[in-house]
Amino acid sequence: MKVYRKDREYPEEYKEVLDELSTIIDPISTMNILDAGLLAGLEVSGDTLKTWLAVESNAYYNMIGGAAIAHSKIIGDIMERFALVKFSKVYIYDMKNNLLAKFEKK
């Protein structure tokens, strides 16, 4: 995993993904997920994309607020833009490395 930093130089395949991720808006901050600090890391490898989001995923947190709805929208937007469109495998993790979403073309 490459830890995301705005000032880092990335290989071309990462730049394409980052350009697309910059169009995904966090409904809470109304900023894109890169500027809002929600993208913690990513890994681009062939037909596989892995992203790590700076979100909590435990059950209590998900039950208590609108943040869970916002995070679900962000996850859905990532899947919509990348699953089958650019990658045949897409994985989204939280900061504890818990799998939040998975798409694998069979």
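See above for the structure.
Residues numbered from 1 in each chain as written. Predicted model: local features only at pLDDT ≥ 70, side-chain atom pairs only at ≥ 80, totals over all residues. Heavy atoms only, no water.

What about the packing of aromatic side chains?
This is how the line gets drawn: Classification of ring pairs uses Phe, Tyr and Trp, with its six-membered ring standing for Trp, and accepts pairs whose centres are within 6.5 Å; under 30 degrees between planes counts as stacked, over 60 as edge-to-face, and the remaining range as tilted. Buried residues are those whose accessible area, probed at 1.4 Å on protein chains only, stays under 20% of the maximum for their type, while exposed residues exceed 50% and partly exposed ones sit between those limits. Lysine and arginine charges are scored as sitting over a ring when NZ or CZ, respectively, is within 6 Å of the ring centre and within 35 degrees of the ring normal.
Per the stated rule, a full pass over the model turns up four aromatic pairs. With a centroid separation of 6.1 Å and an interplanar angle of 20°, the aromatic rings of Tyr-10 and Tyr-14 are classed as stacked. Judged by relative accessible area, Tyr-10 falls into the buried class, the value being 7%. Classification of Tyr-14 by relative accessible area gives buried; the value is 6%. Ring plane angle 45° and centroid distance 6.1 Å describe the contact between Phe-82 and Phe-87, whose orientation is recorded as tilted. Under the relative-accessibility criterion, Phe-87 is labelled buried at 8%. Taken together, Tyr-4, Tyr-10 and Tyr-14 form an aromatic cluster joined through their ring pairs. Looking at Lys-2, its charged tip hangs above the ring of Tyr-14, at a distance of 5.5 Å from the centre.

Description of the environment of Leu-84
To keep things clear, this is the line we draw: Strands are runs of DSSP state E lasting at least two residues, helices are runs of H or I lasting at least four, and both sets are numbered from the N terminus onward. By the convention used here, residues are in contact when the closest approach between their heavy atoms is within 4.5 Å.
Locating Leu-84 in the fold gives a position in the loop between α3 (67-82) and β4 (89-93). It is 9.5 Å that separates the C-alpha atoms of Leu-84 and Asp-47, two residues lying 37 residues apart in sequence. In this view, Leu-84 contacts Phe-103 and Lys-105; residues no more than four positions away in its chain are not counted.

A word on the pairing of β4
The cut-off we apply is this: A pair of strands is labelled paired if DSSP reports no fewer than 2 bridges between them.
The element β4 is largely enclosed, with a buried count of four among its five residues. Bridge count for strand β3 (residues 48-53) against β4 is five bridges, and the pairing is parallel. Note on β4: the bridge partner recorded for Lys-50 is Tyr-91. As paired elements, β4 and strand β5 (residues 99-104) share five bridges and run antiparallel to each other. Across the sheet, the residue bridging to Lys-89 is Glu-104, located in β5. What sits between β4 and β5 in their antiparallel hairpin is a turn of five residues, with Asn-97 showing a positive phi close to 65°.

Observations regarding the pattern of salt bridges
Here is the rule: We count a salt bridge whenever a side-chain nitrogen from Lys or Arg sits within 4 Å of a carboxyl oxygen from Asp or Glu.
With the rule as written, the count across this model stands at six salt bridges. Salt-bridge contacts for Lys-106 lead to Glu-104; the nearest nitrogen and oxygen are separated by 3.9 Å.

Describing the pairing of β3
With respect to burial, β3 is a largely interior element, five of its six residues being buried. Pairing geometry for strand β2 (residues 39-45) and β3, over six bridges, is antiparallel. Note on β3: the bridge partner recorded for Leu-42 is Thr-51. Hairpin connection of β2 to β3: two residues between the antiparallel strands, including Gly-46 at a positive phi of 60°.

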